[in-house]
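# Breakdown of the fold
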Amino acid sequence: MSKDIATIILAAGLGRRMKSGLAKVLHCVAGKPMFLYPVAVAEEISSAKIVVVVGHQADSVQNALTGKNVRVALQAKQDGTADAVRVGMDSLKDFKGTVVILCGDVPLITPETVRGLLSSHEKEDASLTVLTTEVDDPAGYGRIVRGAGGAIARIVEDRDADEVIKQIREVNTGIYAFDSALLSTVIYEIRSENAQKEFYLTDSIEIGLRMGLKAFAYKTDDPQEVMGINSRVELSRAEGIMRRRINDRHMLNGVSFIAPDNTYIDTDVSIGQDVTIYPGTVIKGSTSISDGSTIYSNNRIVNSRMGAGVTIKDSCVIEDSSIGDGSQVGPFAHLRPGSTLEKNVRVGNYVELKKSVMGDGSKANHLTYLGDAEIGSGVNIGAGTITCNYDGQEKFRTIIGDGVFIGSDVQLVAPVKVGDGAFVAAGTTVTKDVPPGALAISRIEQENRVGWVEERKKRKNKKQ
Ligand code: UD1
Ligand code: CA
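Described in the following lines is the structure provided in the data block. (Residues numbered from 1 in each chain as written. Chains lettered and ligands numbered in written order. Predicted model: local features only at pLDDT ≥ 70, side-chain atom pairs only at ≥ 80, totals over all residues. Heavy atoms only, no water.)

### Observations concerning the coordination of the calcium ion (ligand 2)
To keep it simple, the criterion reads: Here the term donor refers to an N, O or S atom within 2.8 Å of the metal (or 3.2 Å for Na, K and Ca), and because water is left out of the atoms, sites may appear incomplete. To qualify as a helix, a DSSP run of H or I must reach at least 4 residues; to qualify as a strand, a run of E must reach at least 2; elements of each kind are numbered from the N terminus. Each residue is assigned to one of three classes by its accessible area relative to the maximum for its type, calculated with a 1.4 Å probe on protein chains only: buried under 20%, partly exposed between the two thresholds, exposed over 50%.
The calcium ion (ligand 2) binds to the protein through D105 (OD) and N230 (OD1), with metal-donor distances spanning 2.3 to 2.7 Å. Taken together, the positions of D105 in the loop between β6 (98-103) and α4 (111-123) and N230 in the loop between β11 (215-220) and α8 (232-252) put the pair 125 residues apart, joining distant regions of the chain. Across this residue pair, the class does not change: D105 and N230 are buried.

### Let's talk about helix α3 (residues 81-90)
The condition that has to hold: The criterion used for residue contact is that any of the two residues' heavy atoms lie within 4.5 Å.
Counting buried positions along α3 gives 8 out of 10 residues, so the element sits mostly inside the fold. Turning to α3, the residues buried within the fold contact β1 (5-11), β4 (49-54), β5 (71-74), β6 and α6 (180-186).

### What to know about the packing of aromatic side chains
As a reminder, the rule being used: Two rings from Phe, Tyr or Trp (for Trp, the six-membered ring) form a pair when their centres sit within 6.5 Å of each other. Planes less than 30 degrees apart are called stacked, planes more than 60 degrees apart edge-to-face, and all others tilted. Our definition puts a charge over a ring when NZ of Lys or CZ of Arg is within 6 Å of the ring centre and also within 35 degrees of the ring normal.
Taken as a whole and judged by the stated rule, the model has 4 aromatic pairs. A ring pair is formed by F332 and Y350, whose centres lie 5.4 Å apart and whose planes are at 5 degrees; its orientation type is stacked. Pair noted here: F332 is in the loop between β24 (328-329) and β25 (334-335) and Y350 is in strand β27 (residues 346-354), with a separation of 18 residues, a long-range link. Note on F405 and F423: the rings are 4.8 Å apart at their centroids and 15 degrees apart in plane angle, and the pair reads as stacked. Taken together, the residues F405 in strand β34 (residues 405-406) and F423 in strand β37 (residues 423-424) connect sequence positions 18 residues apart. One residue, K32, lies across the ring of Y37, its end atom 5.1 Å from the ring centre.

### Concerning the state of the cysteines
As a reminder, the rule being used: By convention in this document, the label disulfide applies to cysteine sulfur atom pairs within 2.5 Å.
On inspection of all chains with the given rule, the structure shows 0 disulfides. No disulfide involves C28; its sulfur sits 19 Å from that of C103, the nearest cysteine.

### Description of the environment of K354
The residue K354 is located in strand β27 in this model. Along the primary structure K354 and D274 are separated by 80 residues, whereas in three dimensions their C-alpha atoms are 30 Å apart. Ignoring anything within four residues of it in the chain, the contact list for K354 reads R336, P337, S339, Y369, L370, G371, D372, N389 and K395.

### Section: the site of ligand 1
The test is simple: For this purpose, a residue is taken to be near a molecule or strand whenever a single non-hydrogen atom of the residue falls within 4 Å of it. Two N or O atoms count as a polar contact when they lie within 3.5 Å, although within protein this holds only if one can serve as hydrogen donor and the other as acceptor, and sequence-adjacent residues are included solely when both atoms are side-chain atoms. Each accessible area is a Shrake-Rupley result for a 1.4 Å probe, and residues are judged covered by the shown protein chains and nothing else.
Around ligand 1, a shell composed of 23 residues is seen, among which Q75, G80, T81, E157 and N172 lie nearest. At 2.9 Å, a backbone N or O of A12 approaches an oxygen atom of ligand 1. Between ligand 1 and D105, the relevant distance is 3.1 Å, taken from an oxygen atom to a side-chain nitrogen or oxygen of the residue. Relative to its unbound accessible surface of 750 Å², ligand 1 loses 91% to contact with the protein.

### Things to note about the side chain of T428
Along the chain, T428 falls in the loop between β37 and β38 (429-430). In this structure the side chain of T428 is engaged in a polar contact, spanning 2.7 Å, whose partner is the backbone oxygen of A425. Dropping the residues within four chain positions of it, T428 is found in contact with D409, V410, Q411, A440, I441 and S442.

### Some thoughts on the nonpolar core
Formally: Residue types Ala, Val, Leu, Ile, Met, Phe, Trp, Tyr and Cys, when buried and joined through side-chain atoms within 4.5 Å, form a set referred to as a nonpolar core.
In this structure, V329 and V347 are the most contacted members of the largest nonpolar core, which totals 60 residues. Listing elements by their share of this core, those giving two or more residues are α8, β12 (255-257), β15 (275-277), β27, β29 (363-371), β30 (373-375) and β36 (416-418). It is α8 that contributes the most residues to this core, 5 residues altogether. With residues near it in sequence (within four places) discarded, V347 still touches Q328, V329, G330, A333, L335, L341, L353, M358 and A364. Judged by nonpolar contacts, the second largest core, of 34 residues, contains A84, I101, F178 and F199.

### Regarding the sheet that holds β30
Two strands in a sheet stick together by hydrogen bonds in their backbones, pointing the same way (parallel) or opposite ways (antiparallel). Rule in force here: Strand pairing is assigned whenever DSSP detects at least two bridges linking the two strands.
Sheet architecture is open: 9 strands sit in the order β14-β17-β20-β23-β26-β28-β30-β33-β36, paired in parallel fashion. Sheet topology places β14 (270-271) and β36 at the edges, where each strand pairs with a single neighbour. Pairing between β14 and strand β17 (residues 288-289): 2 bridges, direction parallel. Counted as the bridge partner of I271 is I289 from β17.

### Observations regarding a positive patch on the surface
What counts is decided by this rule: Within this analysis, patches are made of residues with over 30% relative accessible area and no salt bridge. Like charges are joined at 9 Å or less; nonpolar side chains (Val, Leu, Ile, Met, Phe, Trp, Tyr) at 5 Å or less. The working definition used for a salt bridge is a side-chain nitrogen of Lys or Arg within 4 Å of a carboxyl oxygen of Asp or Glu. Here Asp and Glu are counted as negative and Lys and Arg as positive; His is not counted, and neither are the chain ends. Taken as the charge centre is NZ of Lys, CZ of Arg, CG of Asp or CD of Glu, depending on the residue.
Judged by side-chain charge, R456, R459, K460 and K463 come together as a positively charged surface patch. Structurally, K463 can be placed in helix α9 (residues 452-463).

### Re the environment of R300
Examined against the element boundaries, R300 turns out to sit in strand β19 (residues 300-302). On the accessibility criterion, R300 (37% relative accessible area) is partly exposed. Ignoring any residue separated from it by four or fewer positions in sequence, one finds R300 in contact with V282, C316, V317, I318 and E319.

### Structural notes on a nonpolar patch on the surface
A surface patch of nonpolar side chains, amounting to about 380 Å² of accessible area, comprises F405, F423, L439 and I441. Tracing the sequence through the fold places I441 in the loop between β39 (439-440) and α9. Given the relative accessible area of 48%, I441 is considered partly exposed.

Everything listed is a geometric property; what it means functionally is a separate question.
This is the structure in structure tokens:
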């Protein structure tokens, strides 16, 4: 592309048709606020400058942009798409080149299509090119009215269209390429004489043509990609399309899905080769899974890191945790935030961890709660072990050294330390530190009353 590119993303509207307290552009598609997709497209087409026009819930929209090299422009009152572009252009005063307009509510747009728009804009030597598409149901969209010879004449919004214009199935996608000089002139010519009393960017076609400039309509044949999200029905459709794209990408990179239509992977999740994922699994946020891991059915995994050759058996919840190479988790385990399993660790049925570390080769296979615990390597945690980490006011830590054996049904009343190689007998309540290599045992001695059951029966019969 010979000319410099700047991109403006319109993201100030509330989106009344979403029936939501949350601004439309903050609604997520595959785990990410929808307007971040066009922002990513702007990055991919090598925009020299990116401006995001914010308005409703500006702070939250701006927060979602943290770490990105974009300018944020505040549209205080949402007076229409042309007004939003005017606000965006205020941040591009010194820019000369091509200005691309993207909409924050069109998340499925791809860089390839925008590149197609840009090459057509250049090839036609147009001052203004609008991306259009043909849809089966054009309701809600601006219609593309073509004049004699088939060239675009104007765009008529749905609410301003008569019955004849409503029949037109070629629609405005809300995506444009403008010559920067034209755009900075034309946006001040637009008036708000229409059904919504708003400044419509779509009027720039007629005004541009009247100024004797060339306006061109570039049609894409993929209407799905340029679908605008206005309601939650459309949001769910976009979600489905995005998920399919994500899963296809992973499959092409060597990931197997037993049932891709029933597996939900967020956009920013990374997955290595020869990973197999079973149905019903939801993988969210910034999760990463290394080569050769297997994730069985109905797991929810959020912002977690999994090494190579990890197995997650069915029905686990794993949040903000890290699982080392060769470890096995589940079924029915819960790793709460801050849990770290080093290599070859096993966490089994009905085990809950919170802010706890388990060293290499350690095991907690059954019915256990480990909270605020630091557990060394080669440790066996018996069934029913509980760290009593909370006294109703404060949390305390439990420290267990390497090679420790904790028998079944042990309570560790924190703060407490069990030294390397110690042995804690089944049923023990540990209230004092255990020295390395020691046996800790706290049990009431067992008494066997021979014949007790028979005697009880006799007592009962006497009473009757
Ligand atoms: C717009 C187009 C329509 C097109 C459709 C494609 C206009 C007048 N209409 O209609 O021709 O078919 O997109 O999806 O341009 N926004 C602001 N500030 C505002 C108003 C809107 O930032 O003052 C943003 C919204 O947040 C949204 C985008 O611009 O991301 C589009 O606005 P929306 O109200 O959804 O326009 P549509 O009615 O869909
Ligand atoms: Ca829209």
